[in-house]
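Observations on the model geometry
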Amino acid sequence: MLMWPEEFCEQLAAGGRYVIRYDNRDTGRSIHYPVGEPGYTVEDMADDAAAVLDAYGLATAHIVGASMGGMITQVFALRHRDRARTITPIMSTPDPSAVMAVMTGADDAGALSPPAPEVLAMMMAEPVDYSDKNAVVETRVKMFGILHGPAYPYNDADMRDIAGREYDRDPQMASTQNHGIAIQASPSWRSKLPSLDIPTLVIHGTADPILPYDHGVALPQEIPGAELLTMRGVGHDLPREEFANITGASLRHTSR
């Protein structure tokens, strides 16, 4: 939840949107599972989003998600089409098999581009000691520095603040490792995307090192009528310098 900056959400709210952000499974104050045993898939997480709408008494909403959240957004639209007014997958992919292949050693023939070498090195690094707050915070600051693109300076102070608040909010932060397993266990949804009849805005950076730009380009090729907003030199993050650009496009997209 905290990875959606208050300033970004406030800009959307100033444009007349009611913004709901929440903790996915295995994050923050949501339910947690034993490390290595998530017992859920992206489909379950898409159904969670529908349950959040139920809790707010909302029949429909504009669905936005970043990274894995962008995958959840796509699957939500496929499973709950009548509840999605629009969707906006940000720095996401219609097919995570290239990343999963790196993690599992599986054959990725025909997949989209794999993560950059520096990201692969980060994935293969020794696991952090999650009982050590400082180690966790510094690891996340380093990780997001690697994911950050060259377009703008990396604000490590902001990331250190978010990472510290994340740690304090999450009693079992090690369980976030389950997300990769959940994605791997999820049925492929790419072949179903051409059936979507829903306004779609795809946002992706050209310097994304974990889900390279061709992942973003592939999405509007799969979803009829989808638009692509390209962030030049932006990596796998939402730099403050792009907030006005992203929120402006989002407000236009959701004015329907």
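Residues numbered from 1 in each chain as written. Predicted model: local features only at pLDDT ≥ 70, side-chain atom pairs only at ≥ 80, totals over all residues. Heavy atoms only, no water.

Here we look at the nonpolar core
Put simply, the rule reads: Buried Ala, Val, Leu, Ile, Met, Phe, Trp, Tyr and Cys residues that are joined via side-chain atoms within 4.5 Å together make up what is termed a nonpolar core. Between buried and exposed lies partly exposed: a residue is buried under 20% and exposed over 50% of the maximum accessible area for its type, with that area taken using a 1.4 Å probe on protein chains only. Each helix is a run of H or I in the DSSP string that is no shorter than four residues. Each strand is a run of E no shorter than two, and both are numbered from the N terminus. Residue contacts follow a heavy-atom distance rule, with two residues in contact if any of their heavy atoms lie within 4.5 Å.
By size, the foremost hydrophobic cluster in this structure holds 40 residues, and its most contacted members are Phe76, Ile87, Leu196 and Ile223. If you list the elements that add at least two residues to this core, you get α2 (42–56), β1 (61–66), α3 (68–79), β2 (84–90), α4 (97–104), α6 (133–147), α7 (156–169) and α8 (178–184). Discounting chain neighbours no more than four positions away, the residues touching isoleucine 223 are Ile87, Leu193, Leu196 and Thr200. Residues Leu12, Ile90, Leu201 and Met231 belong to the second largest nonpolar core, which totals 17 residues.

Quick look at unusual backbone geometry
Of note, the phi angle at aspartate 26 is positive, near 65 degrees, even though the residue is not glycine. Residue position: aspartate 26 is located in the loop between α1 (6–14) and α2. With a relative accessible area of 0%, aspartate 26 lands in the buried category.

Some thoughts on the packing of α1 against helix α10 (residues 243–253)
Spelled out, the test is: Lines fitted to the C-alpha atoms define the axes, with helices restricted to the stretch that makes contact. Angles between their N-to-C directions range from 0 to 180 degrees. Two helices cross in a left-handed way if the nearer one is turned anticlockwise from the farther one by less than a right angle. They cross in a right-handed way if the turn is clockwise. Each residue is assigned to one class: nonpolar for Ala, Val, Leu, Ile, Met, Phe, Trp, Tyr, Cys and Pro, charged for Asp, Glu, Lys and Arg, and polar for all the others, Gly among them.
Where α1 meets α10, the closest approach of the two axes is 10 Å, and the angle between their N-to-C directions is 35 degrees. Regarding α1 and α10, the two cross each other, and that crossing is right-handed. Here Glu7, Phe8, Gln11 and Leu12 of α1 come into contact with α10, specifically with Phe243, Ala244, Ile246, Thr247, Ser250 and Leu251. Each residue belonging to the contact of α1 with α10 can be placed in one class, and the counts come to six nonpolar, three polar and one charged.

Digging into the packing of aromatic side chains
So the rule is basically this: Only centres within 6.5 Å qualify two rings of Phe, Tyr or Trp (six-membered ring in Trp) as a pair; their planes then separate them into stacked at under 30 degrees, edge-to-face at over 60, and tilted for everything else.
By the definition in use, this model includes three aromatic pairs. With 5.4 Å between their ring centres and 65 degrees between their planes, phenylalanine 8 and phenylalanine 243 make a pair best called edge-to-face. On the criterion of sequence distance, the pair formed by phenylalanine 8 in helix α1 and phenylalanine 243 in helix α10 is long-range, its members being 235 residues apart. Across the pair, phenylalanine 243 and phenylalanine 8 agree in class, each one buried.

So, to be careful, I would describe these as geometric facts and stop short of saying anything about function.
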